[in-house]
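Residue strings, one per chain:
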Amino acid sequence: MEYSNKIKTIESLVSEIGFIGESLLSINDLSNDQIFGLFELARSIEPWNRSKIDLLPGKVMSTLFFQPSTRTRMSFETAMHRLGGSVISEANPMVTSSAAKEESLADMMKVVSKYTNIIVIRHPNDVEAREGATYSDVPVINGGFGDWEHPTQALLDLYTLWRTHNRIEGLNVTIASADLIAARTGHSMAYGLARLGANVTLASPKTKSTPESVMDKLDTENSNVKEVYDLNQDQFNELISDMDLVYLPGCSAPKGPESEAFKKLMDDYFVRFDTLDQAYKDTGRIVRITHTLPRRSGEMDQKIDTSIHQQYFEAIAYSVSIRMALVLSLMGL
Ligand code: CP
């Protein structure tokens, strides 16, 4: 297709999504049609995810990261540069911005939105962050809010699934962690998978299971979601043998006296390479593993990295395309 026709395709996809000027705080801010529209848009701009397409010249993104990040911040910044825009970043605002002088998040959002055209923010307190977003004059993207949601991580993982399987409906997915309370990526992914018709199993210790507020919402979606608790490592590996995808939102052991007990819980969710290999030999099924990263030692056999089961580094490659698509859909051309 000629370049000018490709631009027309991109323009019409952005317009069909119908999200210009909005904010993305939860994956549930998007309808299913809008999610699939973003997938189509992302696929159409994939040819430029390692080069540049000047669709947003003169536009500025601000990234405000009140918690550490490698992937989310850098992939949004890469996406904006690839679209021909520019970025100003606060990677440690509690030290380098006036937040260190007790400026409220509300004031910060008001001010920053006067400079820039879109804001990506990560914040440890979801209530404060959601409230703060209402003070922005420009679209705000949730780059990870507390334990609540991380919708763009879910979008990129859903997009990767769609690109590798050509569908999401009917796929069997386990979301597993020793702590699904704090798993903000797990919450967003469970919503997305359930809404798009996957069969979802949430595996965790009973004491660290998915929050009731998330389960209640999943139930109202008429979705195919079940919870399994307190599996030992053999039972967990048996469960994942039948999956299309195992989704690991990760977790970190608390510091202090609870640390050792928590590490033992994490052992139960260890993904063995041999389990995946045996399932493939027995049935031809490729059980894919994705981890939202960063991962800790003791979560999976690193032999998976160089096997057909690895999906986490594939997802990184897709993350720029889907974030380019999201930024375009919020800003328009
Ligand atoms: N997956 C994810 O959110 O990674 P970062 O914390 O590095 O952004």
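Per chain, residues are indexed from 1 in the order of the written sequence. Local features in this predicted model are restricted to residues of pLDDT 70 or higher, and side-chain atom pairs are both shown and tallied only at a pLDDT of 80 or more, whereas totals for entire chains, interfaces and linings draw on every residue. Working from all heavy atoms in the structure, the side-chain values ignore hydrogens and water.

1. Quick word on the site of the ligand
Here comes step 1: Contacts to the ligand come from Ser69, Thr70, Arg71, Thr72, Arg122, His150, Gln153, Thr292 and Leu293.
Here comes step 2: A distance of 3.0 Å separates an oxygen atom of the ligand from a polar side-chain atom of His150.
Here comes step 3: Within the contact set of the ligand, a nitrogen atom lies 2.8 Å away from a backbone nitrogen or oxygen of Thr292.
Here comes step 4: Burial of the ligand by the protein chains amounts to 91% of its free accessible area of 250 Å². Residues are labelled near a given molecule or strand when at least one of their non-hydrogen atoms is within 4 Å of it. Two N or O atoms count as a polar contact when they lie within 3.5 Å, although within protein this holds only if one can serve as hydrogen donor and the other as acceptor, and sequence-adjacent residues are included solely when both atoms are side-chain atoms. For every accessible area listed, the method is Shrake-Rupley and the probe measures 1.4 Å; residues are considered covered only by the protein chains on display.

2. Examining unusual backbone geometry
Here comes step 1: A cis geometry characterises the amide bond from Leu293 onward to Pro294, with omega recorded as 5°.
Here comes step 2: Numbering of helices and strands runs from the N terminus, with a helix taken as a DSSP run of H or I at least four residues long and a strand as a DSSP run of E at least two residues long. The topology assignment puts Pro294 in the loop between strand S9 (288–291) and helix H13 (312–331).
Here comes step 3: In the Ramachandran plot, Glu102 falls in the positive-phi region, its phi being about 70° despite a non-glycine side chain.
Here comes step 4: Among the secondary structure elements, Glu102 is positioned in the loop between helix H4 (93–96) and helix H5 (105–115).
Here comes step 5: With a 1.4 Å probe rolled over the protein chains alone, any residue whose accessible area is under 20% of its type maximum counts as buried; one over 50% counts as exposed, and the rest are partly exposed. Classification of Glu102 as exposed rests on a relative accessible area of 74%.
Here comes step 6: Backbone geometry places Asn166, a non-glycine residue, at a positive phi of 70°.
Here comes step 7: Relative to the elements of secondary structure, Asn166 occurs in the loop between helix H7 (151–165) and strand S5 (172–176).
Here comes step 8: Residue Asn166 is classed as exposed on the basis of its relative accessible area of 62%.

3. Description of helix H10 (residues 233–240)
Here comes step 1: Those residues of H10 that sit buried are Phe236, Asn237, Leu239 and Ile240. Considered in projection along H10, the buried side chains sweep an arc of 155° and stay on one side of the axis.
Here comes step 2: Those residues of H10 that are buried lie in contact with S5, strand S6 (199–204), strand S7 (224–229), strand S8 (245–248), helix H11 (259–268) and helix H12 (273–283).
Here comes step 3: At the N-terminal boundary of H10, the capping side chain belongs to Asn232, with an oxygen 3.1 Å from the backbone nitrogen of Asp234. It is the directions from the helix axis to the C-beta atoms that the arc portrays. Should any heavy atoms of two residues lie within 4.5 Å, those residues are considered in contact.

4. Quick word on the packing of aromatic side chains
Here comes step 1: By convention, a stacked pair of Phe, Tyr or Trp rings (six-membered ring in the case of Trp) has centres within 6.5 Å and planes under 30 degrees apart, an edge-to-face pair has planes over 60 apart, and any other such pair is tilted. Across all of its chains, the model carries 9 aromatic pairs by this definition.
Here comes step 2: An aromatic cluster of at least three residues, connected via ring pairs, comprises Phe36, Phe39, Tyr159, Trp162 and Tyr318.
Here comes step 3: Between Arg130 and the ring centre of Trp148, over which it is positioned, the NZ or CZ distance is 3.8 Å. Two limits define a charge over a ring: the Lys NZ or Arg CZ must be within 6 Å of the ring centre, and within 35 degrees of the ring normal.

5. Some thoughts on the nonpolar core
Here comes step 1: If you look at the biggest cluster of nonpolar residues, it comprises 68 residues, and the most contacted ones within it are Leu155, Leu193 and Val327.
Here comes step 2: Counting residues per element, this core draws most heavily on H13, which supplies 11 residues.
Here comes step 3: Among the nonpolar cores identified, the runner-up in size contains 24 residues, and Leu248, Phe273, Leu293 and Met300 belong to it. Take the buried Ala, Val, Leu, Ile, Met, Phe, Trp, Tyr and Cys residues and link them wherever side-chain atoms come within 4.5 Å; each set so joined is a nonpolar core.

6. Examining the pattern of salt bridges
Here comes step 1: Salt bridge, as applied in this entry: a Lys or Arg side-chain nitrogen positioned within 4 Å of an Asp or Glu carboxyl oxygen. As enumerated under the stated definition, the model contains 12 salt bridges in all.
Here comes step 2: The salt bridge involving Lys110 is made with Asp107; its shortest N-O contact spans 4.0 Å. Of this pair, Lys110 and Asp107 both sit in helix H5, 3 residues apart, which is roughly one turn of the helix.
Here comes step 3: Owing to a relative accessible area of 37%, Asp107 belongs among the partly exposed residues under this scheme.
Here comes step 4: Close ionic contact of Lys263 with Glu260 constitutes a salt bridge, the shortest N to O distance being 3.9 Å. Of the two residues, Lys263 and Glu260 are both situated in helix H11; the distance of 3 residues between them amounts to about one turn of the helix.

7. Structural notes on the sheet that holds S8
Here comes step 1: When DSSP locates at least two bridges between a pair of strands, those strands are taken to pair. With respect to topology, 5 strands assemble into an open sheet ordered S7-S6-S5-S8-S9, the strand pairing being parallel. One side of each edge strand has no neighbouring strand; the edge strands of this open sheet are S7 and S9. Within the sheet, the average angular offset between the axes of one strand and its neighbour, ignoring direction, is 20°.
Here comes step 2: Where S8 and S9 come together, 4 bridges link them in parallel fashion. Looking at the pairing, Leu248 lines up with His291 of S9.
Here comes step 3: Along the sheet, H10 makes contact with S5, S6, S7 and S8, crossing S5 at roughly 150°. To obtain each axis, a line is fitted to C-alpha atoms, and for helices this fit is confined to the stretch in contact; angles are then taken between N-to-C directions over 0 to 180 degrees.

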